[in-house]
Amino acid sequence: MVVGESGLGKSTLVNSLFLTDLYPERIIPNAVEKSNETVKLDASTVEIEERGVKLRLTVVDTPGYGDAINNTDCFRAIIQYIDDQFERFLRDESGLNRRNIVDNRIHCCFYFISPFGHGLKPLDIEFMRQLHSKVNIVPVIAKADVLTKKEVLRLKKKVMEEIQSNGIKIYPLPDCDSDEDEDYKEQVRLLKEAVPFAVCGSNTFLEVRGRQVRGRLYPWGVVEVENPEHCDFIKLRTMLITHMQDLQEVTQEVHYENYRSERLAKGAAVPKRATIIDGDKAAPGEKDRILQEKEAELKRMQEMLAKMQAQMQQQQHP
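About the thresholds
Residues numbered from 1 in each chain as written. Predicted model: local features only at pLDDT ≥ 70, side-chain atom pairs only at ≥ 80, totals over all residues. Heavy atoms only, no water. Helix = DSSP H or I, 4+ residues; strand = E, 2+ residues; numbered from the N terminus. Buried < 20%, exposed > 50% of the residue type's maximum accessible area, 1.4 Å probe, protein only. Contact = heavy atoms within 4.5 Å. Areas by Shrake-Rupley, 256 points an atom, 1.4 Å probe, with all protein chains shown as cover. Lys, Arg positive; Asp, Glu negative; His and termini not counted. Salt bridge = Lys/Arg side-chain N within 4 Å of Asp/Glu carboxyl O. Polar contact = N/O pair within 3.5 Å; in protein donor to acceptor, adjacent residues only side chain to side chain. Expected span 1.5 Å × (residues − 1). Arc of directions from axis to C-beta. Pairing = 2+ DSSP bridges. Axes fitted to C-alpha atoms, helices over the stretch in contact; angles between N-to-C directions. 1 Å grid on protein atoms, 1.4 Å probe; cavity = no way out; pocket = protein on both sides within 12 Å on 5 of 7 lines; lining within 4 Å. Points joined across faces, edges and corners; volume = space filled by probe spheres on them. Nonpolar A, V, L, I, M, F, W, Y, C, P; charged D, E, K, R; others polar. Patch = residues over 30% accessible without salt bridge, like charges linked within 9 Å, V, L, I, M, F, W, Y side chains within 5 Å. Charge placed at Lys NZ, Arg CZ, Asp CG, Glu CD. Phe/Tyr/Trp six-rings, centres within 6.5 Å; stacked < 30°, edge-to-face > 60°. Lys NZ or Arg CZ within 6 Å of the ring centre and 35° of its normal.

J.: When you look at the overall build of the protein chain in this model, what are you seeing that I'm missing?
T.: Tallying secondary structure elements over the protein chain gives 10 helices and 9 strands in all. Looking at the protein chain as a whole, 42% of its 318 residues are labelled buried. Long-range pairs, those at least 24 residues apart, make up 67% of the contacts in the protein chain between residues at least 6 apart in sequence. Here the protein chain has roughly 19200 Å² of accessible surface; of this, 50% comes from carbon and sulfur atoms.

Put into structure tokens, the structure is as follows:
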């Protein structure tokens, strides 16, 4: 999932990450429409391949987030979406067809931070506070090419200080095992140091010193998206692909378990067998009635089967 205010380059970055155009027919609303717009959720599925490994990802964009004059409820739709996916997974897990569950849970949330402020806004802090127990948050400084290297380092330091002082838990990159090779250890160390990732995206190919690069052309030169000296784009993509398994495990073992235990504590618990058999949502009073009907039907079928077996035995031994 990608979350952040309009104009921070979320769609461009997603298209750059997956080398595709996920939003070919998007209409950009004007300022008046934006101020009245509510948060929508827009899911698109992409397939990416990195070093022979194929990944099928669903990317959920959140147009309208932070654009209204009053943003009090702007994360309600996002929380609802994440909870709905947990609820769906819980229902499937409690159902009959447990082997073929489609996992639509959100495993990673890129949260875009504006490069034009001096750290986190109150909206950023409140969003991360509300969602850090539900999803793996990866903070991203957007449009990093508007800042100098010193400004990037200063903003990264400020953002991390504010995240820690507000008790926000972001996705922790896992520590390496002692038997891992040195190159991998170094890669993980550099990724940890890079958080929050300062990125810029572009879908335009430019020619620089005889080679084609994706980048942005400025009067003073070209910002290359895939050059580690220019931004953390490569690190962000590496983190997403190499730690996808860990992101899924943290979702399963921490966030999903939190949701599941809350549901059980409320007593609403896992859907009852009657609901699973019937297939649609039954009212609490209906559940017992449906269950009794199913049991009576099962009993009738067992009696019929017993009669048929008795008749067959009589025919075999007249």
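There's more to say after this.
J.: Just checking my understanding: could you explain the side chain of Asp-145 for this structure?
T.: The topology assignment puts Asp-145 in the loop between strand 5 (137-141) and helix 5 (149-165). This buried residue, Asp-145, is left without a salt bridge; Arg-216 holds the nearest opposite charge, at 4.0 Å. Within the structure, Asp-145 has its side chain in polar contact with the side chain of Tyr-218 (distance 2.5 Å). Residues in contact with Asp-145, not counting those within four places in the same chain, are Cys-200, Arg-216, Tyr-218 and Val-223.

J.: Help me understand helix 6 (residues 182-194), please; the structure alone is not making it clear to me.
T.: What sets the pattern is the α-helix's 3.6 residues per turn: residues three or four places apart point alike. In this model helix 6 runs 18 Å from its N-terminal to its C-terminal C-alpha over 13 residues, within 8% of the 18 Å that 1.5 Å per residue would give. Restricting attention to buried positions, one finds in helix 6 the residues Val-188, Leu-191 and Ala-194. The arc that holds the buried residues of helix 6, viewed along the axis, is 125 degrees, so those residues lie on one side. More than 90 degrees from the buried face of helix 6, the exposed residues found are Glu-182 and Glu-193. Considering only its buried residues, helix 6 is in contact with helix 5, strand 6 (197-198) and helix 7 (233-242).

J.: Whenever I open this one, the sheet that holds strand 7 (residues 205-208) confuses me. Can you help?
T.: Sheet strands line up and pair through hydrogen bonds in the backbone, either parallel or antiparallel. Spatial ordering of the open sheet is given by 7-8-9, a layout of 3 strands whose pairing is antiparallel. Strands at the two margins of the open sheet, each flanked by one partner only, are strand 7 and strand 9 (221-224). Sheet twist, expressed as the mean angle between neighbouring strand axes with direction ignored, is 70 degrees. The pairing of strand 7 with strand 8 (residues 211-218) spans 4 bridges and is antiparallel. When the sheet's bridge partners are listed, Glu-207 is paired in strand 8 with Gln-212.

J.: For this particular structure, what's the right way to read the pairing of strand 7?
T.: Consecutive residues of a regular strand have side chains that alternate between opposite faces of the sheet. Burial of the side chains of strand 7 is restricted to one face: Leu-206 and Val-208 are buried, whereas none of Phe-205 and Glu-207 on the reverse face is. Between strand 7 and the antiparallel strand that follows it, strand 8, lie 2 residues; Arg-209 among them carries a positive phi value of about 50 degrees.

J.: Looking at this structure, how should I read empty space enclosed by the protein?
T.: If a probe the size of a water molecule is rolled over the atoms, the empty space left behind becomes visible. All told, the structure shown has 2 cavities of 30 Å³ or more when counted by the stated rule. Looking at the largest cavity, its volume works out to about 50 Å³. Around the largest cavity, the lining residues are Ile-137, Val-138, Pro-139, Ile-170, Tyr-171, Leu-173, Val-195, Phe-197 and Met-239. Top contributing element to the lining of the largest cavity by residue count: strand 5, with 3 residues. Among the residues making up the lining of the largest cavity, the classes are represented as 9 nonpolar, no polar and no charged. The space that makes up the second largest cavity amounts to roughly 30 Å³. Taken together, Gln-85, Arg-88, Phe-89, Asp-92, Val-102, Asn-104 and Arg-105 make up the full set of residues lining the second largest cavity. A class-by-class count of the residues in the lining of the second largest cavity yields 2 nonpolar, 2 polar and 3 charged.

J.: Just to check I follow, could you spell out a negative patch on the surface for this structure?
T.: Residues Asp-177, Asp-179, Glu-180, Asp-181 and Asp-183 make up a contiguous surface patch of negative charge. Along the chain, Asp-183 turns up in helix 6.

J.: Explain the packing of aromatic side chains to me, please; I cannot follow it from the model alone.
T.: To describe a pair of aromatic rings, one takes the distance between the centres and the angle between the planes. In this structure the tally under the stated criterion is 5 aromatic pairs. Judged by centre distance (5.1 Å) and plane angle (85 degrees), the ring pair of Phe-89 and Tyr-256 falls under edge-to-face. Taken together, the residues span a long stretch of sequence, with Phe-89 in helix 3 (residues 76-93) and Tyr-256 in helix 8 (residues 244-266) at a distance of 167 residues. A residue is classified by how much of its surface remains accessible, and Tyr-256, at 0% relative accessible area, is buried. When the ring of Tyr-111 is compared with that of Phe-127, the centres are 4.8 Å apart and the planes differ by 20 degrees; the resulting orientation is stacked. In this pair, Tyr-111 sits in strand 4 (residues 109-113) while Phe-127 sits in helix 4 (residues 122-131), placing the two residues 16 residues apart along the sequence. Residue classification places Phe-127 among the buried residues on the basis of a relative accessible area of 0%. Between the NZ or CZ atom of Arg-105 and the centre of the ring of Phe-89, over which it lies, the distance is 3.7 Å.

J.: Just to check I follow, could you spell out unusual backbone geometry for this structure?
T.: Among all residues save glycine, negative phi is the norm, and among peptide bonds the norm is trans. In this structure, the amide linkage connecting Val-195 to the following residue, Pro-196, adopts the cis form with an omega of -5 degrees. Tracing the sequence through the fold places Pro-196 in the loop between helix 6 and strand 6. Of note in this structure, Lys-143 is not a glycine but carries a positive phi near 45 degrees. Checked against the element boundaries, Lys-143 lands in the loop between strand 5 and helix 5. For Arg-209, which is not glycine, the phi torsion reads 50 degrees and is therefore positive. You can see Arg-209 is positioned in the loop between strand 7 and strand 8. Among the residues examined, Arg-209 registers a relative accessible area of 79% and is labelled exposed.

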